[in-house]
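Coordinate analysis (summary)
The primary structure of each chain is shown beneath.
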Amino acid sequence: MSKPRVFSGVQPTGNLHLGNYLGAIRNWVKLQADHECLYCVVDLHAITVWQEPADLTRSTREVAASLIAAGIDPAGAILFNQSKVAAHAELAWIFNCVARVGWMNRMTQFKEKAGKHRENASLGLYAYPALMAADILVYKATHVPVGEDQKQHLELTRDVAQKFNSDYGVDYFPLTEPLIYGAATRVMSLRDGSKKMSKSDPSDMSRINLIDDADTIAGKIRKARTDPEPVPVAPPASEDERAARPEAYNLMGIYAALTDKSLAEVADEFGGAPFSAFKGALTDVAVAVMGPITAEMRRLMDHPDEIDAILHQGAEDAREIAAPILREVYDIVGLLRP
Ligand code: TYM
């Protein structure tokens with residue numbers, strides 16, 4: 001039996017943060033043991049909003065370095081950047097013709113990113129989810145580990161697969177399973193528990209970056225917003241309860257994810273304690289988990305040739321899987337093969 005195929009991607013739009021790590025990348029690392037994994041730095045998605053060319057190049061290498069440092073093993077998993085494998089863009093065009101404008105209009109991420117300037121957003125930003133569907137389906141991947149915020153995009157990927165299959169009367173593309181699990185599928189900002197931790201937040205104090213050193217992490221956790229109450233004695237019984245103390249439950253969730261414990265176990269351990277004490281313990285585990293990743297990432301960034309060689313090999317391996325699938329898609333659609 002061949003192993004189930006996993007695909008996931010991350011944008012090179014700056015440093016990776018704790019939300020990326022706990023929501024997605026830690027799961028990517030674990031899946032390597034018993035899945036065939038493709039992990040992609042999605043540079044074509046990044047340019048749907050303006051990127052300074054030199055920053056994009058640096059970020060692509062930096063994000064690849066973070067993934068390797070976090071435990072993606074290039075000897076086992078296929079690690080590459082998206083623009084090196086042209087099949088993604090080719091299938092995306094076909095999916096642009098399968099997906100409906102009405103579907104795109106419902107995408108909350110587009111609405112958030114385009115904001116009030118919708119008319120001025122790039123066409124690429126609008127079609128972003130069709131490229132994402134192509135990323136996954138050009139390998140016929142069945143499992144996609146992501147954080148909570150990608151759920152709607154993955155539903156659209158299933159819709160694209162289903163419509164393609166029914167339009168062409170085939171049973172060709174699989175319906176992909178999103179893998180969203182762990183205690184931190186949605187890590188919130190350290191400054192505002194109602195906003196997710198994000199690379200695009202103007203305040204660096206809102207997030208812990210994988211590149212942050214121990215003192216920076218300690219400072220950010222010390223200054224993280226909390227309410228005046230002590231640590232909750234139990235996990236929230238409802239969404240309303242969570243919403244009443246978002247910062248408190250967010251920090252507990254981060255601790256739980258970092259220590260592989262449940263929220264209930266963290267509540268048992270710290271419930272009733274003042275947040276100052278809890279923050280000390282959280283800093284210790286955050287530094288213990290992130291320290292080695294940061295050190296390895298810095299080492300790799302001093303060896304860009306090593307990173308480039310890994311991305312080059314990964315792209316070659318990815319192309320080999322994608323090529324026959326794209327050829328079959330050409331046949332199904334009635335396009336003459338290249
Ligand atoms: P991106 O680059 O925004 O984030 C990469 C991964 O990190 C997760 N994540 C979070 N998880 C928990 N809490 C947070 N605060 C948080 N912030 C980010 C994301 O859910 C994601 O899993 N569109 C994707 C990239 C992509 C992709 C794909 C993913 C392109 N093609 C195909 C899967 C399959 C994105 O922008 O992720």
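Read on for a plain summary of the structure. (Residues numbered from 1 in each chain as written. Predicted model: local features only at pLDDT ≥ 70, side-chain atom pairs only at ≥ 80, totals over all residues. Heavy atoms only, no water.)

**A look at the overall build of the protein chain**
This is how it is decided: Under the scheme used here, helices are H or I runs from DSSP no shorter than 4 residues and strands are E runs no shorter than 2 residues, and both carry numbers assigned from the N terminus. Radius of gyration: over C-alpha atoms. The globule rule applied is 2.2 Å multiplied by the number of residues raised to the 0.38 power. Relative accessibility under 20% of the residue-type maximum defines a buried residue, over 50% an exposed one, and the middle range a partly exposed one, all with a 1.4 Å probe and only protein chains included. Whether two residues are in contact is decided by their heavy atoms, any of which lying within 4.5 Å being enough. Accessibility throughout is a Shrake-Rupley quantity obtained with a 1.4 Å probe, and a residue counts as covered only by protein chains that appear here.
When helices and strands are counted, the protein chain shows 14 helices and five strands. For the protein chain, whose C-alpha radius of gyration is 21 Å, the value lies close to the compact-globule estimate of 20 Å for 338 residues. The dimensions of the protein chain, computed from C-alpha atoms along their principal axes, are 70 × 45 × 45 Å. Within the protein chain, the proportion of its 338 residues that are buried is 50%. Contacts in the protein chain between residues at least 24 apart in sequence constitute 75% of all its contacts with a sequence separation of at least 6. Summed over all atoms, the accessible surface of the protein chain reaches about 15500 Å², with 53% contributed by carbon and sulfur.

**A short note on the packing of helix α13 (residues 275-301) against helix α14 (residues 304-333)**
Two measures define how a pair of helices packs: the angle their axes make with one another and the distance between the axes. Applicable threshold: Throughout, an axis means a line fitted to C-alpha atoms (over the contacting stretch in the case of helices), and angles, computed between N-to-C directions, take values from 0 to 180 degrees. To sort the angles, those under 35 degrees are grouped as roughly parallel, those over 145 as roughly antiparallel, those from 65 to 115 as roughly perpendicular, and the leftovers as oblique.
It is at 6 Å that the axes of α13 and α14 come closest, and there the two elements cross at 95°. Classified by the angle between their axes, α13 and α14 sit roughly perpendicular to one another. In this structure, α13 uses R299, L300 and M301 to contact α14, whose residues at the interface are P304, E306 and I307.

**A short note on the site of the ligand**
Defined as follows: By convention in this text, a residue qualifies as near a molecule or strand provided that one of its non-hydrogen atoms is within 4 Å of it. Here a polar contact is recorded for every N or O atom pair within 3.5 Å, except that within protein the pair must consist of a potential hydrogen donor and a potential acceptor, and residues adjacent in sequence are included only if both atoms are side-chain atoms.
In the neighbourhood of the ligand, 27 residues make up the surrounding shell, with Q11, Y128, D135, D149 and V187 lying closest. At 2.4 Å, a side-chain N or O of D149 approaches an oxygen atom of the ligand. Between the ligand and M197, the relevant distance is 3.0 Å, taken from a nitrogen atom to a main-chain nitrogen or oxygen of the residue. Relative to its unbound accessible surface of 710 Å², the ligand loses 96% to contact with the protein. Those elements that provide at least two residues to the shell around the ligand are β1 (5-10), α1 (18-31) and α7 (123-137).

**Focus: the environment of V333**
Structurally, V333 can be placed in helix α14. Taking the C-alpha atoms as reference, V333 lies 48 Å from L190; in sequence the two are 143 residues apart. Discounting chain neighbours no more than four positions away, the residues touching V333 are I94, F164 and Y168.

From the geometry alone we can't say anything about function, so treat these as descriptive.
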